[in-house]
Amino acid sequence: GEDVEQSLFLSVREGDSSVINCTYTDSSSTYLYWYKQEPGAGLQLLTYIFSNMDMKQDQRLTVLLNKKDKHLSLRIADTQTGDSAIYFCAENENYGQNFVFGPGTRLSVLP
Amino acid sequence: DGGITQSPKYLFRKEGQNVTLSCEQNLNHDAMYWYRQDPGQGLRLIYYSQIVNDFQKGDIAEGYSVSREKKESFPLTVTSAQKNPTAFYLCASSARAGTTNEKLFFGSGTQLSVL
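Residues numbered from 1 in each chain as written. Chains lettered and ligands numbered in written order. Predicted model: local features only at pLDDT ≥ 70, side-chain atom pairs only at ≥ 80, totals over all residues. Heavy atoms only, no water.

Quick word on a nonpolar patch on the surface
So, step 1. The grouping of Tyr-10, Phe-12 and Leu-115 of chain B at the surface amounts to a nonpolar patch, some 390 Å² of accessible area in total.
So, step 2. Overall, the relative accessible area of 62% leaves Leu-115 of chain B in the exposed class. (Patch = residues over 30% accessible without salt bridge, like charges linked within 9 Å, V, L, I, M, F, W, Y side chains within 5 Å. Areas by Shrake-Rupley, 256 points an atom, 1.4 Å probe, with all protein chains shown as cover. Salt bridge = Lys/Arg side-chain N within 4 Å of Asp/Glu carboxyl O. Buried < 20%, exposed > 50% of the residue type's maximum accessible area, 1.4 Å probe, protein only.)

Things to note about the interface of chain B and chain A
So, step 1. Chain B puts 24 residues into the contact, and the matching count from chain A is 22 residues.
So, step 2. Interface area for chain B against chain A, summed over the two sides, is near 1800 Å², with a carbon-plus-sulfur share of 55%.
So, step 3. On the surface where chain B and chain A come into contact, there are zero salt bridges.
So, step 4. The tally of links between chain B and chain A comes to four residue pairs in polar contact (both at pLDDT 80 or more).
So, step 5. Listed by contribution, the elements that provide at least two residues to the side of chain B that touches chain A are β4 (31-37), β5 (43-51) and β9 (87-94) of chain B.
So, step 6. In terms of residues, the side of chain B that touches chain A owes the most to one element, β5 of chain B, which gives four residues. (Contact = heavy atoms within 4.5 Å. Buried area = accessible area lost by both parts, 1.4 Å probe. Polar contact = N/O pair within 3.5 Å; in protein donor to acceptor, adjacent residues only side chain to side chain. Helix = DSSP H or I, 4+ residues; strand = E, 2+ residues; numbered from the N terminus.)

Topic: the pairing of strand β6 (residues 55-58) of chain A
Residue and element names in this part refer to chain A.
So, step 1. Direction of pairing for β6 relative to strand β7 (residues 61-66): antiparallel, over a ladder of four bridges. Following the sheet pairing, Lys-56 is matched in β7 by Val-63.
So, step 2. In this antiparallel pair of consecutive strands, β6 and β7, the connection spans two residues, and Gln-59 shows a positive phi of 55 degrees. (Pairing = 2+ DSSP bridges.)

Observations concerning the confidence of the model for chain B
One rule of thumb: low pLDDT means the predicted coordinates there are not for detailed reading.
So, step 1. On average, chain B scores 92 in pLDDT, and the residues at 70 or more come to 97%.
So, step 2. The element-level mean pLDDT for chain B is lowest in β5 of chain B, coming to 93, with strand β7 (residues 64-66) of chain B highest at 98. (pLDDT = per-residue confidence, 0-100.)

Here's the deal with the sheet that holds strand β1 (residues 4-6) of chain A
All names here are of chain A.
So, step 1. Across the sheet, which stays open at both edges, the five strands sit in the order β1-β3-β8-β7-β6 with antiparallel pairing between neighbours. With partners counted over all chains shown, the strands left at the sheet margins are β1 and β6, one partner each. The average angle at which neighbouring strand axes cross in this sheet is 15 degrees, direction not considered.
So, step 2. Note that strand β3 (residues 18-24) and strand β8 (residues 71-76) share six bridges and pair antiparallel. Bridge pairing in β8 places Asn-21 opposite Ser-73. (Axes fitted to C-alpha atoms, helices over the stretch in contact; angles between N-to-C directions.)

Examining unusual backbone geometry
So, step 1. The omega torsion of the bond from Ser-7 of chain B to Pro-8 of chain B falls at -10 degrees, within 30 degrees of zero and hence cis.
So, step 2. Checked against the element boundaries, Pro-8 of chain B lands in the loop between β1 (4-7) and β2 (10-13).
So, step 3. Here Gln-59 of chain A, not a glycine, exhibits a phi torsion of approximately 55 degrees, which is positive.
So, step 4. Tracing the backbone through its elements, the reader meets Gln-59 of chain A in the loop between β6 and β7.
So, step 5. Classification of Gln-59 of chain A as exposed rests on a relative accessible area of 74%.
So, step 6. One non-glycine residue with positive phi stands out, namely Lys-70 of chain A, at about 55 degrees.
So, step 7. Lys-70 of chain A gets classed as partly exposed once you look at its relative accessible area, which sits at 26%.

Rendered as structure tokens:
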């Protein structure tokens, strides 16, 4: 099946920028998503990008998409301790029949 | 407030026992999903339903069963045939299945453990 890959851990200092990377394999994916999961909670949709876009910015979040390399990134500016969570990249395959999630990147924000 | 409610938050299963996890949504969404989350892994799809009285198996359906008698409700039963049920279970919904810009909305999850 199709695959979504992410590095599992990232540590940054408070106030720095965080960049979480993701690669995917399904070239037919039309939408790609970033979800945030805090401990013991469900996933919260942070942002998403349409595949014909290169970039999307939403306050402190910037999503970059390199469709040729099938690479997606999420940049969080001025990272705060409240940003500590697991971040999941996901693609929408088969016209919504199946979302494929990466393993999640655990972001730790150090004071 | 519209949303997805999962209950209970924590559930314990004894050997040979079936247990049922509840999922209710008041978002008027057509599609509902059950995912299993294991530490360090992505979400794996157990079952999904695009419409009332219809559901399909996902990637790891063995040992699980579902029903969709009402639009708002999509309970998941973990049967005794599921030999490794300890995991965090997430219910999700989306407005319509089968479109390219679907967005999944999640409940707060149920942690199932084996006694």
